[in-house]
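Listed below, chain by chain, are the residues.
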Amino acid sequence: MLDDATAAERRDPRSLKAIWTEHKAANPKQRIRDAAAALGVSEAELVATDLGTGTTRLQPRWKALIEAMPALGRVMALTRNEYCVHEKVGRYDQIHLNDQGGVTLDPEIDLRLFFGHWQHGFAVTEALEQGGQRHSLQFFDRDGLAVHKIYLKPESDVAAFHALVADFKAEDQGAAIAVTPVDPPAADRPDAEIDAAALNTRWRALQDTHDFFGMLRELKVGRVQSFRLVPDDLAQRVDKNAFSRGLELAAEAGLPVMIFVGSPGVIQIHTGPVATVKRMGPWQNVLDDGFNLHLREDGIESCWLVRKPTKDGIVTSLEIFDAAGQQIAWMFGKRKPGQVEDSAWPTLALKAVGAAG
């Protein structure tokens, strides 16, 4: 941490490039997100220091960019928040977007996109220590926080990547980048101001899990706050290790699950089994072909066992949150709308809760 440098000096592109080069040499294994935090700048600002030398600023044509992704073939999609990283290998396909966002519904790359949180985009080509290059597309919010990244795999179409970069290259390739703070989430209203009876009634009348967010918004209640205010048969706080234990039990049982992880601009979903679950230090990991998950368990403040009624029956989830009440990840049994929840999943979730406790 450069305590003797002013924020302005750190953010001058020429000074920052030199600082970043020195920091990388001293910390070759440190990830860029952690380096940005250590240097007191944003990740986007560090990426921008390499504009003109492997990095290209992209036009903010987010809809068209995602619609161009099928040409790259199989790639790795990465979405993360402070405490969880979600990586999926597959194709961008079944794309349904408007200018505000939308979805990709490929069985492997399954995303919910919110372009209001996409401010900066870069194509990045990095030299690898073992030789060769790594190509990626990286997207950031207006505060310089990464919201989504797309990495080429050996089987990806590199020629299509270069053609895409040429097509979407921005006119301005200067290294200066404007980052502005994102407003923090609004604080929950006091519990006493919440109509808990209406919340309970509305919750029990749900017909679709997708209606849950709208219900919370209409009642002006926070997500964790709502869990606290309903009876235990709807939401129950459980041991914060229950989510990790659920991963382990799902792997042991070979039970397919759905694992959601979100950044401000993307929710990324894995649907299918998990096989190799391995804890390393503070991280609980899924290390499978085509799907990796890295969960920093010491960032979990609370875990909840949640049940939502739908027209297809009860849908059960395990949901984890950080100390600020922000959702880290959430997990369901594998199902599609119109299908009844597999009874093996709520049984496993209850076992995870009991085993963790």
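All values derive from a computational prediction rather than experimental measurement.

A. Spatial organisation of unusual backbone geometry. Located in the positive-phi region is Gln-94, a residue other than glycine, with phi close to 50 degrees. With respect to the secondary-structure elements, Gln-94 resides in the loop between strand S3 (84–90) and strand S4 (95–98). Overall, Gln-94 belongs to the partly exposed group, its relative accessible area being 40%. Unusually for a residue other than glycine, Lys-220 sits at a positive phi of about 55 degrees.

B. Here's a closer look at the pairing of strand S6 (residues 110–114). Here five bridges tie strand S5 (residues 101–105) to S6, and the two strands are oriented antiparallel to one another. Looking across to S6, one finds that Leu-105 is bridged to Asp-110. Where S5 folds back on S6, the antiparallel hairpin that results is connected by four residues. Here S6 runs beside strand S12 (residues 266–272); their pairing, made up of four bridges, is antiparallel. Bridge pairing in S12 places Leu-113 opposite Val-266.

C. Quick peek at the sheet that holds strand S10 (residues 235–238). Taken in spatial order, the nine strands line up as S4-S5-S6-S12-S11-S18-S17-S16-S10 in an open sheet, and their pairing is antiparallel. In this open sheet, the two strands that pair with only one neighbour each are S4 and S10. Across the sheet, the mean angle separating the axes of adjacent strands is 15 degrees when strand polarity is ignored. Along the sheet face, helix H10 (residues 242–253) touches S10, strand S11 (257–262), strand S16 (302–308), strand S17 (315–321) and strand S18 (327–333) and points at about 35 degrees away from the line of S18.

D. How the structure looks around the nonpolar core. Counting residues in each nonpolar core, the largest one holds 29 residues, and the members touching the most others are Phe-243, Ile-259, Leu-293, Leu-318, Ile-320, Met-331 and Trp-345. Within the residue set of this core, elements represented by two or more residues are H10, S11, strand S15 (291–296), S16, S17, S18 and helix H11 (344–356). Discounting residues that sit within four places of it in the chain, Leu-318 has contacts with Ala-242, Phe-243, Cys-303, Trp-304, Leu-305, Ala-329, Trp-330, Met-331, Trp-345, Ala-349, Ala-352 and Val-353. Counting 27 residues, the second-largest nonpolar core is a separate cluster that includes Tyr-92, Leu-137, Ala-160 and Val-266.

E. How the structure looks around the confidence of the model for the protein. Across the protein, the average pLDDT comes to 94, with 96% of residues at 70 or higher. Here residues 1–5 scores under 50 on pLDDT; set against residues more than four positions off or in separate chains, the count is ten contacts.

F. Representation of the packing of aromatic side chains within the structure. Within the structure shown, the criterion is met by twelve aromatic pairs. Considering the side-chain rings of Trp-62 and Trp-118, the 5.9 Å spacing of their centres and the 55 degrees angle between planes classify their relative orientation as tilted. With Trp-62 in helix H5 (residues 62–67) and Trp-118 in the loop between S6 and strand S7 (120–127), this pair connects stretches of sequence that are 56 residues apart. In this pair, the class of Trp-62 matches that of Trp-118, namely buried. With a centroid separation of 5.9 Å and an interplanar angle of 70 degrees, the aromatic rings of Phe-122 and Phe-140 are classed as edge-to-face. Highlighted residues: Phe-122 in strand S7 and Phe-140 in strand S8 (residues 133–140), separated in sequence by 18 residues.

G. Here's a closer look at the sheet that holds S8. Read across the open sheet, the nine strands follow the order S1-S7-S8-S9-S2-S3-S15-S14-S13; overall the sheet is antiparallel. Both outer strands of the open sheet, strand S1 (55–57) and strand S13 (277–280), are each paired with one neighbouring strand and no more. Averaged over neighbouring strand pairs, the angle between their axes works out to 15 degrees when direction is ignored. Examined bridge by bridge, strand S2 (residues 75–80) and S3 share six bridges and lie antiparallel to one another. The partner of Leu-78 across the bridge, within S3, is Glu-87. Sitting on the sheet, helix H6 (residues 158–168) touches S1, S7, S8 and strand S9 (146–152), and the angle it makes with S8 is about 40 degrees. Sitting on the sheet, H10 touches S13, strand S14 (283–288) and S15, and the angle it makes with S13 is about 140 degrees.

H. Representation of H10. Between the first and last C-alpha of H10 there are 16 Å, a value that for twelve residues agrees with the 16 Å anticipated at 1.5 Å per step. Every buried residue of H10 is accounted for by Ala-242, Phe-243, Ser-244, Gly-246, Leu-247, Leu-249 and Ala-250.

Rules of the game
- Residues numbered from 1 in each chain as written.
- Predicted model: local features only at pLDDT ≥ 70, side-chain atom pairs only at ≥ 80, totals over all residues.
- Heavy atoms only, no water.
- Helix = DSSP H or I, 4+ residues; strand = E, 2+ residues; numbered from the N terminus.
- Buried < 20%, exposed > 50% of the residue type's maximum accessible area, 1.4 Å probe, protein only.
- Pairing = 2+ DSSP bridges.
- Axes fitted to C-alpha atoms, helices over the stretch in contact; angles between N-to-C directions.
- Contact = heavy atoms within 4.5 Å.
- Core = buried A, V, L, I, M, F, W, Y, C linked by side-chain atoms within 4.5 Å.
- pLDDT = per-residue confidence, 0-100.
- Phe/Tyr/Trp six-rings, centres within 6.5 Å; stacked < 30°, edge-to-face > 60°.
- Expected span 1.5 Å × (residues − 1).

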